Structures are given as structure tokens and as C-alpha cells.
Amino acid sequence: MSGNNEDYGPSLLRGLWALTVRELKKWLNDPIMLLMFVLQPLIWMGLLGKSMNLGAMFSSENLVNIPIPDKIPVPGDYVTPKVEGYVYISGSWIHQSLQRMFSDIGESVMKNVFGVSDYFSYMAIGMISMIVMTTTMFSGMSIVWDRRLGFLDKVLSTPVPRGAIIFSKVLNAALRAMLQATVILLLAVLFGLRLSPTFNMMNILGIYSAIFLISIGLSSIFLAFSLRSTRLERPMQIVSLITMPLMFASNTFFPISMMPNWLQSVAYVNPLSYLTDALRQLTILPLDASRILVDFIYLGVFASIFSLIGIVLSWRYLTR
Amino acid sequence: MVENVIVADGLTRIFNKTLVAVDHVSFSVREGEIFGFLGPNGAGKTTTINMLITVLKPTEGSASILGYDIVKQANNVRKVIGVVPQEYTADEDLTGYENIMLCADLYGIPREVARKRALELLELVELANFKDRKVETYSGGMRRRLELACGLVNRPRVLFLDEPTLGLDVQTRAATWDYIKRLKEEYEMTIFMTTHYLEEADALCNRIAIIDHGKIIVTGSPEELKNALGGDIITISIKEDADVSEVIRNVEHVKEVVKMENGSYRIKAELGEVTTPLIIEALRSRGYTVTRLSLTEPTLNDVYLEYTGKTMRDTEGSREEFHAQRIMLRRARAR
Ligand SMILES: Nc1ncnc2c1ncn2[C@@H]1O[C@H](COP(=O)(O)OP(=O)(O)O)[C@@H](O)[C@H]1O
Ligand SMILES: [Mg+2]
């Protein structure tokens, strides 16, 4: 029984597929993970989206304790037609008009600041960005385990193309991110997110492309970093250190125009801002062709540069 | 024709510019033999294997497997070798069968062939009944067998085993040796293995190299190495109250005689089984009566002691601890 000397060709695609399926299987086989997968966005949407209902700040009940005298004297010069002396306006009438105007103002302030009238929609899309970011960083990092547990060395001893090992991680990150984004978007719609009337299949394609771009950039850089750091915990520490700042120095939960100048300049180079903007335009905002072009160009440049660096560094490690 | 399947020439690996993990190691492995690296934790065994299996590049020196250079023809090497790493690398979240199929995919073995082979291998390592269970439910011995099966999926001509029974209990270890021997017969392979268990080297290897601090100290078959120590230890006592050291020393094959404090004689001799009757004969012909006698063969532990100045046992504890730590790490891998 010597079936030796066979010459089956290991191929990039075959290897890539096998390694990617392994990752996805691991991920989807884990019930706790699946629970987290749905629970995490639910909690965020519930807490941040629904409880931080910024629009409600402008509702009339918030005027209750504002002292308005019963009778307000107005000098006759200020009314038309002009009269001698003073006219008196009833306080309760002022109160009513104020209340009416206030909710109109609220609506336009929300629209001017967030682009949509409800904060929930704004925030739910921001959350897609946030989760896409953490998912892709962690997927890039999962190679830490493969390295530590010897799986990586074993794979390296097979004739599978080295590229398949790297791309499987990147592809896995992108697929996970897309799947998660889909789930969050569906949940958000279920909980009252208002899609713009022009939303169609092309928008979905655009959403996936934007997510794909940021995923490959982030995951390859984290892949290289995890391969090269000598300590297992290091990449985890970095992720927890940078996710919060990255999130808040972007338009994920709050518009850039409201930020202090120094923070604005950070937000303008933060790729997360461009991802979030692209996603919002593709879902809840009216689409602005030139703005979305800028978003995609920025994401494309980010993806090319970071994945190139990441892949080169990873490659060098794998052929050390 | 007996050819050298593995040839290593001055193989060296230096980590971080200063740590010489493997230090100009040269050896050759003949077709069909089981060649073992025996050495304590940190001796450089895994680093050597990693260079041979093309995972690490040598800093200096070269090696070839079946004539393929491990650096320049790495891809050819990868196709003809099988690897069973020292860790359990099978994916815990997948089943045994899925794990073997994954390995097959990495070699590009056509699905149909792979399916047949996976089932056959699972049968061979007696895991057929567990093939659809997740690996996390497997015992240590079962995992080892699964690793063996994975390493054989491409029908390798040379198999690398890195500490094949690390962390297994004594019975499971012996059973694993049987599997290894059986698989070797079945697939007609040459095997390169490492171990820090002396019994394992003794039980499995045709030839061993003792390695310490990255250097090969001595190479030979276990028998040769033991014999080279100067042979067996014979302890003898006589009834009479006389010094018979000279009488014993003149017997053929005897190399050394020491009279112990309790009056017995400790004799080092080659071919103990042959020499012992000769000594008894010599003593009796001079009128002495032998009252007590024992013959012990040297173990690889004595060999190891002789060449490194320390016993292998000293290093074992830390090794098991290290392994336990790895298992904990695995468990921690909750995401
Ligand atoms: N990737 C690495 N980087 C730095 N040092 C290493 C690396 N791998 C092994 N070493 C060191 O090389 C030496 C030999 O290790 P190893 O080959 O694993 O020994 P063994 O397998 O015989 O226990 C040890 O001192 C170990 O710490
Ligand atoms: Mg080792």
C-alpha cells in the first residue's frame, strides 16, 4: 500500500476556501457567540439609540418650569398697528405658541445637526460602523491563537500557498463584518429605523463594498501586528485601547461639526468617519454623489495602503 | 538501495541574533528507519523539526529531504512530508472527520480521494466511531491519534513526530507507540521524531541522537549507546572473607571492579549475560562460593547521564507543567 509520490496540486483558491470555511464554522458553531452577536447591537440600540433620545429634549414638556408671568406688558411701539401706552399679552397664550414653535425648532435642529430627525436612526447606523470595526480587528487578531496553539506552524508545513493563509483571515473578517452589518440593519429597521425613500439594491451593494474596504484594511494590519508581536495579550490590549477613541473621534455617534477643532482634525482622517458617512448616505440620508465619492475614495486608499502594509509584513513573518 | 532520506549539514538557527537554539547540527536519516532526537526541554528539538518541515529558515547550514533542499525547494519538501506537531493542533470546534478533510484541502487532495482516505485513516487509528464528534470531547490519546491521522493524509514518505506522547499517561503512551509502529508498517515511511522520554526513544527508535543546548552530543542505536558506556553492571557477593578483585578483573570482558563497603563487588562488563557465568566459573574454580548476584543493563538514562552530566529526570517536571499550561491556554480560548 504505497500511494506515495502523488502529485495533487494545492491551489490558492482551494486553500483559501478551506481555511475561511474553518473560521466561519468555528464562529457560527458557537451558540454563545451567536447570542452575543444579536444581543450586543440590541443592547447598544436600546441604551444609546432609544434612551438618548435627543429629539425629545425639544418636546413641550421640557418647558413646564420656565417662568412666564400671567400678563406680559408690551410697549405700544412694538405692535402693529402702533398704539399709545402698553398692550398686555396673556402668558398662557405665549406659553402655547412657544411650545408649538419649540417642537418645530427641535425638528429642524435635529435635521441640521444629524441630518435626520430621529437620533435612533443616526445612531443605529453608527453602531454598524462600530461593530464592523471591532469585528474586523478581532478577526485579524484570531491568528494569535493559531500561532500559539501550533495550528499555524502545521498549516505552514503543508504546501498550501502562503497567500491563502493571509487572505483567509482577511476574507473571514470581511464576511463576518458584512453578516453582522446585515443583522444590525435588519434589527434597526425592526425597531423603527427609517430608510430613505430611495433605498434600493444598489445601496445594499454600496454598503457591502464600504464594509469590505474598511475590513480588509483593518484586518490585515491587525493580522500583521498579531503575527509579529511576541506577546499574546498585546494585540488585545491595543484593540481595547484604540476602539473607544476611534469611535468617539468620528461621526459614529455624534456629528463632526459639533466637535472642538482639534477633535475635528482627528475625525477627518479617521477612516471610521468615512465608513459611517457612506453608510448613512446609503441608508437614511439623501444620497449626495460627490460626498459619497469622497467617502469611497478615502476608504479605497485606506484599504490599499493598510492591506498592502499588512500583507507584506505578514508575508515576511510567514516566510521567516 | 539504502539511501539517506534526510541529510542535515551544519543546520543552525539563531533567534533574536543571540539565542543559538540549534547549533551546527549534522546527521543523516536512512530510508525506512525511525530516527529520534532525544533531549530535554529547550534542547532545540522543535526548532530543528521546524527547519526540516520548512516552517523556519535555517540561519546557517542546509538540509535536504529526499534530495529536495528545505529552503530552495520548500514546496517539494512540503508535498512529501507529514507532520505531527508537539501541540494538539486539531481544531476543537470541528469534528475529527472535518479536521482530516481540512488537512486534505491544504494538500489539494481531490475531495473524493480525501473522503475515502479520511475514513480509512480514522479506522486505522480507531476513531471511526467518534468521527462526527467535536474534537473538544476527545481524550488526550484520541487527540494524538487524530493528529497522527491528519499527518498521514497526504501519504507522506517522511513523517515528522514532535514529542508524540507528550502529556499522555503511561498506558496511553504505550498504545500510541503501537499505533506509530503500525502506521509506519502500513505506509512504509521514514520517521524523524523527537522525545524527551528515554523509554520512548528506546522503544521506537532505530537510531537516536542525543541533543542538548542545540548540539548533538552523540549518535547511535540505543544498543550501541548503551554498550558504549562500558557495558552492564554486575554485583556479586561471596561467602569467603577474601579480596577477589584481581580474580574478577582477569575474566574476559570485565572492565572495572570496585569492592564496595558492604563487601560486595560492583563490576562493569561488556556483554553482561556472557560475562556473568565466566565470573562465577572463575570464582568457583578457585574455591569461592557466590552467595548473591545481580545483573543490570544500563538504560538510556545512564547514557544521558554519562554524556550530559545530568539526569533526564531533572527536566521532566517542568515539562509536564509547561504542557498543563498549554491545555489551560486552550480552555481560555473562549470568544
Ligand atoms: N520563536 C522563537 N523565538 C525565540 N526563541 C525561541 C523560539 N522558538 C524556540 N526558542 C528558543 O530556542 C530554544 C530551543 O527551543 P525548542 O526548539 O522549542 O526546544 P525543544 O523542542 O527541544 O524543547 C529554547 O531556548 C527556546 O526558548
Ligand atoms: Mg519541543
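Every value quoted in this text rests on a predicted model; they were computed, and no experiment measured them.

Colleague: Explain the sheet that holds strand S4 (residues 60–65) of chain B here, please?
Modeller: Backbone hydrogen bonds are what pair the strands of a sheet, in a parallel or an antiparallel way. All names here are of chain B. Across the sheet, which stays open at both edges, the four strands sit in the order S2-S1-S4-S5 with antiparallel pairing between neighbours. Two strands lie at the open edges of the sheet, namely strand S2 (19–30) and strand S5 (68–69), each paired on one side alone. Both S4 and S5 contribute to a ladder of two bridges, which runs antiparallel. Looking at S5, one finds that Ser-64 is bridged to Asp-69. Most of the contacts of helix H1 (residues 45–52) go to strand S1 (residues 4–15), to which it runs at about 120 degrees, and overall it touches S1, S2 and S4.

Colleague: Please explain the domain arrangement of chain B as it appears in this structure.
Modeller: How big an interface is tends to be reported as the loss of accessible area on association of its parts. Annotation of chain B at the domain level lists domain 1 (4–221) and domain 2 (230–297). Each of domain 1 of chain B and domain 2 of chain B has a C-alpha centre, and the two are 45 Å apart.

Colleague: Is there a simple way to think about the nonpolar core in this case?
Modeller: Side chains of nonpolar character tend, in soluble globular proteins, to be buried together. All names here are of chain A. Grouped together as the largest cluster of nonpolar side chains are 51 residues, with contacts concentrated most on Met-45, Ile-128, Val-132, Ile-211 and Leu-275. Elements represented by at least two residues in this core include exactly helix H3 (91–114), helix H4 (119–141), helix H7 (162–190), helix H8 (201–228), helix H9 (233–248), helix H11 (271–283) and helix H12 (289–318). Sort the elements by how many residues they give to this core and H4 lands first, with 14 residues. Other than its neighbours up to four places away in sequence, Ile-128 contacts Ala-181, Ile-184, Leu-185, Ile-211 and Leu-279.

Colleague: What is the right way to read the pattern of salt bridges from this model?
Modeller: One side chain can pair with another of opposite charge once the charged atoms of both are near each other. If you walk through the whole model with that rule in mind, you get 25 salt bridges over all chains. The closest approach of N and O atoms between Lys-169 of chain A and Asp-146 of chain A, which form a salt bridge, is 2.9 Å. In this pair, Lys-169 of chain A sits in helix H7 while Asp-146 of chain A sits in helix H5 (residues 143–148), placing the two residues 23 residues apart along the sequence. Take Lys-169 of chain A: its relative accessible area is 3%, and that puts it in the buried class. The partner of Glu-246 of chain B in a salt bridge is Arg-249 of chain B, and the shortest N-O contact between them spans 2.7 Å. Of this pair, Glu-246 of chain B and Arg-249 of chain B are both found in helix H9 (residues 245–249), three residues apart, which corresponds to roughly one turn of the helix. Look at the salt bridges and you will find they share partners, linking Arg-22, Glu-23, Lys-26, Asp-146 and Lys-169 of chain A together with Asp-91 and Asp-93 of chain B into a network.

Colleague: What should I look at first to understand the coordination of the magnesium ion (ligand 2) in this one?
Modeller: Angles between donor atoms at a metal ideally measure 109.5 degrees for a four-coordinate tetrahedral arrangement and either 90 or 180 degrees for a six-coordinate octahedral one. All names here are of chain B. Ligation of the magnesium ion (ligand 2) by protein atoms is provided by Thr-46 (OG1) and Gln-86 (OE1), these donors lying 1.9 to 2.3 Å from the ion. Within this pair, whereas Thr-46 is found in helix H1, its partner Gln-86 is found in the loop between strand S6 (81–84) and helix H3 (96–107), the two being separated by 40 residues in sequence. Residue class for Thr-46 comes out partly exposed when judged on its relative accessible area of 25%.

What counts as what
Residues numbered from 1 in each chain as written. Chains lettered and ligands numbered in written order. Predicted model: local features only at pLDDT ≥ 70, side-chain atom pairs only at ≥ 80, totals over all residues. Heavy atoms only, no water. Pairing = 2+ DSSP bridges. Helix = DSSP H or I, 4+ residues; strand = E, 2+ residues; numbered from the N terminus. Contact = heavy atoms within 4.5 Å. Axes fitted to C-alpha atoms, helices over the stretch in contact; angles between N-to-C directions. Domains from an automatic or database assignment. Core = buried A, V, L, I, M, F, W, Y, C linked by side-chain atoms within 4.5 Å. Buried < 20%, exposed > 50% of the residue type's maximum accessible area, 1.4 Å probe, protein only. Salt bridge = Lys/Arg side-chain N within 4 Å of Asp/Glu carboxyl O. Donors = N, O, S within 2.8 Å, 3.2 Å for Na, K, Ca; no water.

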